[in-house]
Amino acid sequence: MVLPRDLFQLQELDSRIEQEERALFDRTARLGNRQVLDEAQKRLDDAKERLARVGRERRDAEWQADDLRSRIAASEKQLYGGRVTNPKELASLQREVEIMKSRRDQIETRALELIEAVEKVEKEVATLNEEYRRLEEDWQQEQKRLNGEVERLKSSLAELKAKRKEIAARLDGNCLDLYERLRQQKKNAVVRVEQGICSACRIALSASLLQRARSGQLTQCGTCGRILFIP
């Protein structure tokens, strides 16, 4: 005789198997997923690139300022050395010195701004380096945990499937076919009877259906068609 209790146990096993298969798929998909690390690495690489660029700009500004200071010194030596006596030449040289000094002041101001920018980006790089180190450490721990969960789920699924096979072996083919069809159509193929009512559709069952279900026969609800189980 087909026992509804066996079908109910089969359904509970199938639900657990589906749940653990979803969990296994999720854990397996997360294994080796480095998206968080890759995003952190990109932020770090971008900051390092900005640091290199700002560093080059700072060195270029310092070089230009040094070059202008040398040129100003040379021009002032000419201006005040007494070798140039022509008033027009002196005036032209004076304007040239003033222009170079103005340009030097601008570049020195820019160089100071770039020094501050370099310090700021250096701090950002240090922070991002620490962030990446922490994320990598967390990722390693997470991978270790996921590996453990994957192995546990595989072992649990093997046990559940073995139990399912054992229960299914006690059932005839027609009974299993009906169960599988109902499982595809409805959330639950087997439902409890509670106080004479089908717990799925909440419709009161006839006396004849209740008697059949109590006797352990394969009985379907007259309204929703689910297999009835009386504990």
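Details of the structure are given in the entry above.
Since this is a predicted model, take the numbers as computed values, not measurements.

## A short note on the overall build of the chain
Then, in step 1: In terms of regular secondary structure, the chain is built from 5 helices and 3 strands.
Then, in step 2: Its helices and strands taken in sequence order, the chain reads α-α-α-α-β-β-α-β from the N to the C terminus.
Then, in step 3: Dimensions along the principal axes, computed over C-alpha positions, put the chain at roughly 130 × 35 × 25 Å.
Then, in step 4: Every one of the 231 residues in the chain was classed for burial, and the buried ones make up 34%.
Then, in step 5: For the chain, the share of sequence-separated contacts (at least 6 apart) that also reach a separation of at least 24 residues comes to 74%.
Then, in step 6: As displayed, the chain offers around 15100 Å² of accessible surface, 48% of which is attributable to carbon and sulfur atoms.

## With respect to the packing of helix H1 (residues 4-30) against helix H3 (residues 87-168)
Then, in step 1: At a closest axis distance of 9 Å, the pairing of H1 and H3 adopts a crossing angle of 155 degrees. Looking at the two axes, H1 sits roughly antiparallel to H3. The two elements H1 and H3 meet at a crossing, and its hand is left-handed.

## Some points on the sheet that holds strand E3 (residues 227-229)
Then, in step 1: The 3 strands are arranged E2-E1-E3 in an open sheet whose pairing can be described as mixed. The open sheet has two edge strands with one neighbour each: strand E2 (197-198) and E3.
Then, in step 2: With 3 bridges joining them, strand E1 (residues 190-194) and E3 adopt parallel strand pairing. Bridge assignment links Val191 to a residue of E3, and that residue is Leu228.

## Describing the state of the cysteines
Then, in step 1: This structure, assessed with the given rule, holds 0 disulfides.
Then, in step 2: As a non-bridged cysteine, Cys201 has Cys198 as the owner of its nearest cysteine sulfur, 3.7 Å distant.
Then, in step 3: The structure places no disulfide on Cys221, whose sulfur is separated from the nearest cysteine sulfur, that of Cys201, by 3.7 Å.
Then, in step 4: Given the relative accessible area of 5%, Cys221 is considered buried.

Reading the values: the criteria
Residues numbered from 1 in each chain as written. Predicted model: local features only at pLDDT ≥ 70, side-chain atom pairs only at ≥ 80, totals over all residues. Heavy atoms only, no water. Helix = DSSP H or I, 4+ residues; strand = E, 2+ residues; numbered from the N terminus. Buried < 20%, exposed > 50% of the residue type's maximum accessible area, 1.4 Å probe, protein only. Contact = heavy atoms within 4.5 Å. Areas by Shrake-Rupley, 256 points an atom, 1.4 Å probe, with all protein chains shown as cover. Axes fitted to C-alpha atoms, helices over the stretch in contact; angles between N-to-C directions. Parallel < 35°, antiparallel > 145°, perpendicular 65-115°, else oblique. Left-handed = near helix turned anticlockwise from the far one by under 90°. Pairing = 2+ DSSP bridges. Disulfide = S-S within 2.5 Å.

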